[in-house]
Amino acid sequence: MRYCNPASVPQTAFDGARLLRRAVGIAVTAACTVCIGANQAVAQGIDIIRDTEIEHVLHSYEDPILKVAGLDPATVKIYVVNDPSINAFAAQSPAESESEDIFINAGLILQLKSPNQVTGVLAHETGHIAGGHILRGEDAMKKAMVPMLIGMIAGIAAAIAGGGEAGMGVMALGEQAAMANYLEFSRAQEATADQMGQKFLLATHQSGRGMLEVFERFAQEDAMSAYYQHSFASDHPADRERIDLLQREVDASPYRDVPDSPAAVHEFHMIQAKLSGYLSKPDTVLGHYPPSDTSEEARYARAMAYFRKPDLPKALSEINSLIKDEPRDPYFWEVLGQIYVDMSQPEKGVEPYQKSVDLMPNAPLLRIALAAAQLATEKPALAKPALDNLKAALLEEHDNEFAWYEAAQAYSDLGNEPMANLSTAELDFSVGNFGAAEHFAGLAQHRLAAGSPDWQRASDILSIAQGERRRR
């Protein structure tokens, strides 16, 4: 995992979140990849945690649900938001090859009790995607804005006529009417997503009890704190009628008592420990996972906590103990590689990163981390292997700005400036820096073979960037 610098992305209220990543360097202070995003319904950014292990576990829950929902798992990404509250939402993806994405707060993973509860939330969000609620929500918001605009016009007219307080009252009534219209639509969508989610769980032979438990948790807490009121509970209101309907769905399922497997529970506890070790204060982690606890999840949490502290000898001791017990776990090797890289010893980091890739060759984030370590050694002989790893990763992570940043470096180290310029153009294009994308694509196109695939890609970037720059 790796941590990127967060930034804000303006966005209109009630709009869906769109993900934007930004390239960063490899010398960082933790083991999560946190990239740039946009929050739902607020004009601010959100931090996205990218981690192969966590994403793999979440997709193992979600992909069967997507399939029975008639959706291609390859078109739906799951992002973990660096937020301690319990929340999740679906949003339109910015990538042309994807439909919608699902965003899950880290707090949801840390605070829920079982894989089945997380799966229930994912099934609910999949119901929103399968039901087309995201696009319908945009239309509903436009319709809801009508009474607000009418109230605003009437209020301004009243104020001009001398009734200042009356004018403000009229505008407030318009806002209330708009909100009421939208919330009525939202409640109907939530109920529909519940029912569709339960059908997906039934079709995959899973218990719907986890979803019920999550919503019941909030319905039963009459005196909820503001912390919860502004997170999952406010976005997913759970009234008694809704809970009763969910209860009937769960009771009618022949799979209502199907438990999580011991392997799934262990896997869930491992990603909880990893996230806790990364996100929580080290002293808090060490209090929850004391050195006397020698379980795998406790050692994993302590390895991350010591890594962040930093107490690198203890971090190495903990992660090496895990590797000794589970030498074929790619995620343990990944963490060891990251520790060495962050100790400014990339030469030592290359081997464990290579082992993680050998054990899990289809994980693009692992290849990107390996390539970054190879290039950080500044050894000319490793530039070509690094580029090969980046090319393989970019087939799946084409909009990964850090990968394009490293690709530009690799091409430069190999003396291929046209491709270094094209990679830089891809980087700028992916973050919306169209002026720079146009500049570097132009430099690349002049020196690439006319009509070649790379020349055509430079032409495409030029054309789109020029049009976007003029539009803006």
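Below is a summary of the structure that appears in this document. (Residues numbered from 1 in each chain as written. Predicted model: local features only at pLDDT ≥ 70, side-chain atom pairs only at ≥ 80, totals over all residues. Heavy atoms only, no water.)

1. Structural notes on the overall build of the protein chain
- A count of helices and strands for the protein chain gives 21 helices and 5 strands.
- For the protein chain, the residues scored as buried account for 53% of the 472 residues in total.
- Nonlocal contacts in the protein chain, meaning residues at least 24 apart in sequence, comprise 64% of its contacts between residues at least 6 apart.
- Approximately 21,100 Å² of the protein chain is accessible, and the part contributed by carbon and sulfur atoms is 55%. (Helix = DSSP H or I, 4+ residues; strand = E, 2+ residues; numbered from the N terminus. Buried < 20%, exposed > 50% of the residue type's maximum accessible area, 1.4 Å probe, protein only. Contact = heavy atoms within 4.5 Å. Areas by Shrake-Rupley, 256 points an atom, 1.4 Å probe, with all protein chains shown as cover.)

2. A closer look at the nonpolar core
- Grouped together as the largest cluster of nonpolar side chains are 57 residues, with contacts concentrated most on Ile109 and Ile319.
- A total of 8 residues in this core trace back to one element, the largest contributor, which is helix α14 (residues 330–342).
- When neighbours within four sequence positions are excluded, Ile319 is seen to be in contact with Tyr300, Ala303, Phe332, Val335, Leu336 and Ile339.
- In this structure, Leu365, Ala425, Leu427 and Ala437 belong to the second largest nonpolar core, which totals 31 residues. (Core = buried A, V, L, I, M, F, W, Y, C linked by side-chain atoms within 4.5 Å.)

3. Quick look at the packing of helix α12 (residues 296–308) against α14
- α14 packs onto α12 with a crossing angle of 15° between their chain directions and a minimal axis gap of 11 Å. It follows that α12 is roughly parallel to α14 by the angle criterion. Taken as a pair, α12 and α14 cross one another with a handedness that is left-handed. Contact residues: Tyr300, Met304 and Phe307 in α12; Tyr331, Phe332, Val335, Gln338, Ile339 and Asp342 in α14.
- Its residues assigned to classes, the contact of α12 with α14 comprises 7 nonpolar, 1 polar and 1 charged. (Axes fitted to C-alpha atoms, helices over the stretch in contact; angles between N-to-C directions. Parallel < 35°, antiparallel > 145°, perpendicular 65-115°, else oblique. Left-handed = near helix turned anticlockwise from the far one by under 90°. Nonpolar A, V, L, I, M, F, W, Y, C, P; charged D, E, K, R; others polar.)

4. Considerations on unusual backbone geometry
- Here the residue pair Lys309 and Pro310 is connected by a cis peptide bond, since its omega of -5° sits within 30 degrees of zero.
- For Pro310, the location among the structural elements is in the loop between α12 and α13 (312–325).
- With a phi close to 60°, His205 is a non-glycine residue in the positive phi region.
- Position of His205 relative to the elements: it lies in the loop between α5 (164–203) and α6 (209–219).

5. Looking at the pairing of strand β4 (residues 88–92)
- By the criterion of burial, β4 is predominantly enclosed, with 5 of the 5 residues buried.
- What you see with β4 is no split at all: Ala88, Ala90 and Gln92 on one side and Phe89 and Ala91 on the other are buried throughout.
- As defined by bridge partners, β4 adjoins strand β5 (residues 100–105) across 5 bridges and the pair is classed as antiparallel. If you follow Phe89 over to β5, its bridge partner there is Phe103. (Pairing = 2+ DSSP bridges.)

6. Section: the pattern of salt bridges
- If you walk through the whole model with that rule in mind, you get 18 salt bridges.
- Taking the shortest distance from any N to any O, the salt bridge between Lys309 and Asp283 comes out at 3.3 Å. One end of the pair, Lys309, is in the loop between α12 and α13; the other, Asp283, is in helix α11 (residues 282–288), and 26 residues separate them in sequence.
- Judged by relative accessible area, which is 41%, Lys309 ranks as partly exposed.
- For Glu468, the salt bridge goes to Arg471, with nearest N and O atoms at 2.4 Å. Of this pair, Glu468 and Arg471 are both found in helix α21 (residues 453–471), 3 residues apart, which corresponds to roughly one turn of the helix.
- Among the charged side chains, a network of salt bridges with common partners joins Arg50, Glu55 and Glu397. (Salt bridge = Lys/Arg side-chain N within 4 Å of Asp/Glu carboxyl O.)

7. Considering the side chain of Glu334
- Examined against the element boundaries, Glu334 turns out to sit in helix α14.
- Ignoring anything within four residues of it in the chain, the contact list for Glu334 reads Met1, Asp51, Lys274, Tyr353, Ser356 and Leu366.

8. What to know about the packing of aromatic side chains
- The tally for this structure, following the rule as stated, stands at 5 aromatic pairs.
- Ring geometry for Phe89 versus Phe103: centroids 5.0 Å apart, planes at 10°, classification stacked. Taken together, the residues Phe89 in strand β4 and Phe103 in strand β5 connect sequence positions 14 residues apart. Of the two residues, Phe89 and Phe103, both sit in the buried class.
- Stacked on the ring of Phe215, the Lys or Arg Arg242 has its end atom at 4.3 Å from the ring centre.
- Between Arg308 and the ring centre of Tyr278, over which it is positioned, the NZ or CZ distance is 5.5 Å. (Phe/Tyr/Trp six-rings, centres within 6.5 Å; stacked < 30°, edge-to-face > 60°. Lys NZ or Arg CZ within 6 Å of the ring centre and 35° of its normal.)

9. What to know about α14
- Between its first and last C-alpha, α14 extends 18 Å over 13 residues, near the 18 Å set by a 1.5 Å rise per residue.
- Burial within α14 is extensive, with 13 of its 13 residues counted as buried.
- Ser344 sits one or two positions beyond α14 and adopts a positive phi of about 60°. (Expected span 1.5 Å × (residues − 1).)

10. Observations concerning the side chain of Glu318
- Position of Glu318 relative to the elements: it lies in helix α13.
- Glu318 has contacts with Arg299, Arg302, Ala303 and Tyr306, leaving out every residue within four places of it along the chain.

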